[in-house]
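# Commentary on secondary and tertiary structure
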Amino acid sequence: MLSNEQLEKEFQAKIDAEIKIEPKDWMPDAYRKTLIRQISQHAHSEVVGMLPEGNWITRAPSLRSKVILLAKVQDEAGHGLYLYSAAETLGVDREELIEELHTGKAKYSSIFNYPTLTWADIGAIGWLVDGAAIANQVMLCRTSYGPYARAMVRICKEESFHQRQGYEIMMKMAQGTPEQRQMAQDALNRWWWPSLMMFGPPDDKSIHTAQSLKWKIKRQTNDELRQEFIDKTVKQAEFIGLTIPDPDLKWNEERQHYDYGPINWEEFYQVINGNGPCNRQRMRDRIKAHEEGAWVREAAIAYAEKKQAKKNAA
Amino acid sequence: MNKKEWPLWEIFIRSKNGLNHKHVGSLHAADAEMAIENARDVYCRRNEGVSIWVVLSSQIVASDPDEADALYEPAKNKIYRHPTFYEIPKEVGHM
């Protein structure tokens with residue numbers, strides 16, 4: 001038997017050599033715990049993320065936009081499933097994870113606690129929220145845990161559709177009537193800062209970053225990803241004639257990046273801790289859906305057992 | 001959590017005829033039929049497959065990674081099984 005110290009040394013050597021860790025491989029308890037926390041939070045975010053968009057399925061302005069939004073929301077459910085499956089390879093049970101979400105023990109992305117007030121918000125979510133998610137998820141395609149990395153590859157392939165459909169909505173509205181243009185700008189104003197917060201606290205305040213980088217769970221820091229997202233998005237806003245709501249936003253020739261104004265982290269922590277505009281509503285809807293679906297899950301099991309019994313008798 | 005839960009299934013997809021079924025992930029379903037229908041919905045939304053296998057996760061028997069060294073040792077010490085082990089003069093041509 002190898003000592004724990006020896007096992008940990010071999011584990012880190014594998015990580016350093018870019019060898020993926022697979023479910024049955026030895027791993028430090030803290031690595032397993034970090035992954036379960038991160039992957040389940042990610043799964044919860046996909047599932048809760050269906051709610052703000054679901055708000056507009058019945059009110060989509062055309063049949064085309066309705067079927068697209070339906071397909072997108074269905075994708076989010078699928079992404080939640082890929083991620084729950086990846087988490088389950090670490091020895092946790094799906095029901096346990098859902099329980100943690102519903103009791104508030106597990107978090108989900110704070111962005112989904114903001115309301116979707118107009119159709120332009122659906123555009124802004126696809127363009128900005130999915131855009132920010134893509135920056136994070138492209139990095140996670142190279143994460144050190146095999147099942148998580150593979151889930152991310154699938155998800156990234158599908159996210160690109162999400163961002164493009166969102167940008168198309170914004171583009172159409174920005175080029176539409178003055179009222180539509182105003183709605184697009186208003187949506188950008190409201191979603192811009194919360195989108196930047198999606199990358200998490202600044203590097204000097206992020207408690208998990210150093211260890212996650214060492215284990216190659218993360219490959220880039222929160223601030224690096226945030227900068228990457230801003231640099232990409234500014235040009236996209238300019239192209240459709242919308243203004244990023246940040247008076248300090250300025251191209252920095254020396255850094256070859258955009259400088260940006262201070263982020264209101266107080267708001268971020270307020271929303272994370274349950275005081276965002278829609279936290280209670282989101283959890284209420286989530287729990288209601290789960291509880292009201294219980295009889296369907298039970299009936300399906302009863303039916304499967306009955307079928308099996310019939311088969312055995314024949 | 002004393003309620004009965006849907007069991008976990010491993011999903012294998014053949015992306016087109018001529019290729020192997022490949023493991024793509026897992027999902028919960030009450031029975032095999034539902035597992036196939038759900039696999040269609042979550043793993044084949046964009047023409048990713050022409051055939052689906054579902055296997056109860058509990059039925060899969062796997063090798064132990066801790067015993068990998070001993071398990072694969074016989075393959076490592078028989079280099080004469082590889083074509084590059086043999087020196088064939090260039091004049092003979094491709095072989």
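Data block above holds the structure.
One structure accompanies this document, and this report is about it. (Residues numbered from 1 in each chain as written. Chains lettered and ligands numbered in written order. Predicted model: local features only at pLDDT ≥ 70, side-chain atom pairs only at ≥ 80, totals over all residues. Heavy atoms only, no water.)

## Regarding the overall build of chain A
Test applied: In this text, helices come from DSSP runs of H or I with a minimum length of four residues, and strands from runs of E with a minimum of two, each type numbered from the N-terminal end. Only the C-alpha atoms count toward the radius of gyration. The rule for a globule is 2.2 Å times the residue count to the power 0.38. Three labels apply to residues, based on accessible area from a 1.4 Å probe with only protein chains included: buried if under 20% of the type maximum, exposed if over 50%, partly exposed otherwise in between. In this analysis, two residues are considered to be in contact whenever any of their non-hydrogen atoms come within 4.5 Å of each other.
Counting secondary structure elements, chain A contains 13 helices and two strands. Its C-alpha atoms give chain A a radius of gyration of 21 Å, within 12% of the compact-globule value 20 Å for 314 residues. Referenced to the eigenvectors of the C-alpha coordinate spread, the extents of chain A come out at roughly 70 × 55 × 35 Å. In chain A, buried positions account for 52% of the 314 residues. For chain A, the proportion of contacts with a sequence separation of at least 24, taken over those separated by at least 6, is 76%.

## A word on the environment of Q137 of chain A
Residue and element names in this part refer to chain A. Selection rule: Residues adjacent in sequence count toward polar contacts only when both atoms are side-chain atoms; beyond that, a polar contact is any pair of N or O atoms within 3.5 Å, and within protein one must be able to donate a hydrogen and the other to accept it.
Along the chain, Q137 falls in helix α6 (residues 119-140). Judged by its relative accessible area of 2%, Q137 is buried. Along the primary structure Q137 and E159 are separated by 22 residues, whereas in three dimensions their C-alpha atoms are 9.3 Å apart. Every residue in contact with Q137, bar those within four places of it in the chain, is listed here: H42, E46, M152, I155, C156 and E159. At 3.5 Å, the side chain of Q137 forms a polar contact with the side chain of E46.

## Some details on the nonpolar core
Here is the rule we go by: Put simply, buried Ala, Val, Leu, Ile, Met, Phe, Trp, Tyr and Cys residues joined by side-chain atoms within 4.5 Å make one nonpolar core.
Grouped together as the largest cluster of nonpolar side chains are 97 residues, with contacts concentrated most on Y31, I39, Y145, M170, W191 and W192 of chain A together with L27 of chain B. Considering every element that reaches this core, the biggest residue donor is α6 of chain A, with 12 residues. Not counting residues within four places of it along the chain, the set of residues in contact with W191 of chain A comprises I111, Y114, P115, T116, D121, A124, I125, L128 and V129 of chain A.

## Overview of the environment of A187 of chain A
All names here are of chain A. Position of A187 among the secondary structure elements: in helix α8 (residues 178-197). Residue classification places A187 among the buried residues on the basis of a relative accessible area of 0%. C-alpha separation for the pair A187 and L117, spaced 70 residues apart in sequence, amounts to 8.4 Å. The contact partners of A187, leaving out residues within four places of it in the chain, are A120, D121, A124 and M170.

## So, helix α1 (residues 4-16) of chain A
Residue and element names in this part refer to chain A. Put simply, the rule reads: To estimate the expected span of a helix, count its residues, drop one, and scale the result by 1.5 Å. Here the arc refers to the directions that run from the helix axis out to each C-beta atom.
Compared with an ideal rise of 1.5 Å per residue, which puts 13 residues at 18 Å, α1 spans 18 Å between its outermost C-alpha atoms and is within 8% of the ideal. Listed as buried for α1 are L7, F11, Q12 and I15. All buried residues of α1 lie within an arc of 135° about the axis, which places them on one face of the element. Those residues of α1 that are exposed and angled more than 90 degrees off the buried face are E5 and K9. Residues of α1 that are buried in the fold lie against α2 (29-48) and α9 (209-214). At the exit of α1 stands E18, carrying a positive phi of roughly 60°.

## Examining the sheet that holds strand β2 (residues 21-28) of chain B
This is how it is decided: Following DSSP output, two strands are said to pair if at least two bridges run between them. Interaxial angle, 0 to 180 degrees, is taken between N-to-C directions of lines fitted to C-alpha atoms, where a helix line uses only the stretch in contact.
Here we have three strands laid out as an open sheet, ordered β2-β1-β3 (chain B), and antiparallel in their pairing. This sheet does not close on itself; its edge strands, each paired only once, are β2 and β3 (51-56) of chain B. The sheet shows a mean angle of 25° between the axes of neighbouring strands, taken without regard to direction. Examined bridge by bridge, strand β1 (residues 8-14) of chain B and β2 of chain B share seven bridges and lie antiparallel to one another. Looking at β2 of chain B, one finds that R14 of chain B is bridged to H21 of chain B. Contacting β1 and β2 of chain B, helix α4 (residues 63-88) of chain A crosses the sheet at an angle of about 90° to β2 of chain B.

## Re the interface of chain A and chain B
It is common to give the size of an interface as the accessible area that goes away when the parts come together. Selection criterion: Buried area is understood as the total, over both parts, of accessible area removed when two parts are fitted together, assessed with a 1.4 Å probe. The salt bridge definition used is simple: a Lys or Arg side-chain nitrogen within 4 Å of an Asp or Glu carboxyl oxygen.
If you look at the interface, chain A gives 24 residues, while chain B gives 22 residues. Buried area between chain A and chain B, summed over both chains or domains, comes out near 2000 Å², and the portion from carbon and sulfur atoms is 53%. When residues of chain A are sorted by the area they lose upon contact with chain B, K24, R154 and I301 of chain A head the list and together hold 24% of the total. Between chain A and chain B we count six salt bridges in total. Our count for the contact surface shared by chain A and chain B stands at 11 residue pairs in polar contact (both at pLDDT 80 or more). Elements represented by at least two residues in the side of chain A that touches chain B include exactly α4, α5 (94-102), α7 (146-174) and α13 (294-313) of chain A. Considering each element in turn, the side of chain A that touches chain B owes the most residues, eight residues, to α13 of chain A.

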